[in-house]
Amino acid sequence: MRLRNKPWAKEKIAAYPQYVIPHPEEYKGRWNELFGNDHPIHIEIGTGKGKFITEMAKANPNINYIGIELYPSVLVSALDKLIANELPNLRLLNVNAKDLPNFFAEGEIERIYLNFSDPWPKKRHEKRRLTYRSFLELYEKVLVDEGEIHFKTDNQGFFEYSLVSFSQYGLVLTYVSLDLHNSDFEGNIMTEYEEKFSAKGNRIYRCEVKYPPKQRHS
Ligand SMILES: C[S@@+](CC[C@H](N)C(=O)[O-])C[C@H]1O[C@@H](n2cnc3c(N)ncnc32)[C@H](O)[C@@H]1O
């Protein structure tokens, strides 16, 4: 995707190492030193242009947020929002989620947000879906005991697939809405894709799942 890898985007990201952390592996196990506190860390995978994570960070100063996005040309919009807001509890990473355990220690993350992840509808692309089993394994490596995934999408097929994938992995469903914008869920923060799809009249699906307690060794 040449369009998504424009050099100007990489240059802009490189100019703000205080916001888009250039070598995140150096902070593995000590992200709270970077934030300067022991607040819980929530990450969004596929943060896109950053509306959700920026608004979440503004609304919840006692939670540290990290937005993870693969494409520099998309992440620059999230960076612009962070520059404009100077939020001490938000940082961005220009990395691939498949490398998460290189950047975070076991139990370092409390919650993962997956918002409007690419559905990859073709069966042969199943392994690329961010709710595929191998990703659930990666998330488990970095999450706290009984860590959570909060997931929303407008794609019914992808939502149903993800519920099955979560269940087969042993995750416990703690919340589900089959029509988020017509539910009693309070405090929803819309993402860029959510605004676009709901304006078209698409229904939004949302769920929360948590990992079962980790095995304790005596
Ligand atoms: C459909 S967009 C949704 C963006 C945003 N969450 C929203 O709701 O507006 C999905 C985003 O996930 C990013 N993405 C997909 N796979 C990823 C991965 N393995 N690691 C990091 N980002 C990824 C894509 O580059 C894209 O920006």
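Since the structure is predicted, the reported quantities are computational estimates derived from the model, not experimental observations. (Residues numbered from 1 in each chain as written. Predicted model: local features only at pLDDT ≥ 70, side-chain atom pairs only at ≥ 80, totals over all residues. Heavy atoms only, no water.)

S.K.: Is there a simple way to think about the overall build of the chain in this case?
M.R.: Helices and strands together make up the secondary structure of the chain, namely 8 helices and 7 strands. Relative to the 2.2 N^0.38 estimate, which gives 17 Å for 218 residues, the radius of gyration of the chain is 17 Å and therefore close to what a compact globule would have. Principal axes of the C-alpha set define a box for the chain whose edges measure 55 × 40 × 35 Å. Counting the 218 residues in the chain, one finds 45% classified as buried. (Helix = DSSP H or I, 4+ residues; strand = E, 2+ residues; numbered from the N terminus. Rg over C-alpha atoms; globule rule 2.2 N^0.38 Å. Buried < 20%, exposed > 50% of the residue type's maximum accessible area, 1.4 Å probe, protein only.)

S.K.: So what exactly am I meant to see when it comes to helix α7 (residues 156–169) here?
M.R.: Residue pairs spaced three or four apart in an α-helix point in one direction, given the helix's 3.6 residues per turn. Here α7 contains 14 residues, and its C-alpha end-to-end distance of 20 Å stays within 8% of the 20 Å for a straight helix at 1.5 Å per residue. Among all positions in α7, only F158, F159, Y161, S162, S165, F166 and Y169 are buried. Considered in projection along α7, the buried side chains sweep an arc of 165 degrees and stay on one side of the axis. Exposed and oriented more than 90 degrees from the buried face of α7 are S167 and Q168. Summarising the contacts, the buried residues of α7 are in contact with α6 (133–142), β5 (143–153), β6 (172–177) and β7 (205–210). Two or three places before G157, at the opening of α7, N155 has a side-chain oxygen 3.1 Å from that residue's backbone nitrogen. (Expected span 1.5 Å × (residues − 1). Arc of directions from axis to C-beta. Contact = heavy atoms within 4.5 Å. Polar contact = N/O pair within 3.5 Å; in protein donor to acceptor, adjacent residues only side chain to side chain.)

S.K.: When you look at the nonpolar core in this model, what are you seeing that I'm missing?
M.R.: Generally speaking, nonpolar side chains in soluble globular proteins are found buried as a group. Within the largest apolar cluster, 37 residues are counted, with the highest numbers of intra-cluster contacts made by I43, I45, I66, F104, Y139 and I149. Core analysis: the second largest hydrophobic core is formed by 20 residues, I13, Y19, M56 and L79 among them. (Core = buried A, V, L, I, M, F, W, Y, C linked by side-chain atoms within 4.5 Å.)

S.K.: Looking at this structure, how should I read the packing of aromatic side chains?
M.R.: Between two aromatic rings, the relevant description is the distance of the centres plus the angle of the planes. Counted according to the given criterion, the structure contains 13 aromatic pairs. Arranged with centres 6.0 Å apart and planes meeting at 10 degrees, the rings of F151 and F159 form a pair that is stacked. With respect to burial, F151 and F159 carry one shared label: buried. A ring pair is formed by Y169 and Y211, whose centres lie 6.0 Å apart and whose planes are at 85 degrees; its orientation type is edge-to-face. Highlighted residues: Y169 in helix α7 and Y211 in the segment after β7, separated in sequence by 42 residues. Side by side, Y169 and Y211 carry an identical accessibility label, which is buried. The side chain of R128 reaches across the aromatic face of W120, ending 4.6 Å from its centre. In this structure, R129 packs its charged tip against the face of Y161, placed 4.4 Å from the ring centre. (Phe/Tyr/Trp six-rings, centres within 6.5 Å; stacked < 30°, edge-to-face > 60°. Lys NZ or Arg CZ within 6 Å of the ring centre and 35° of its normal.)

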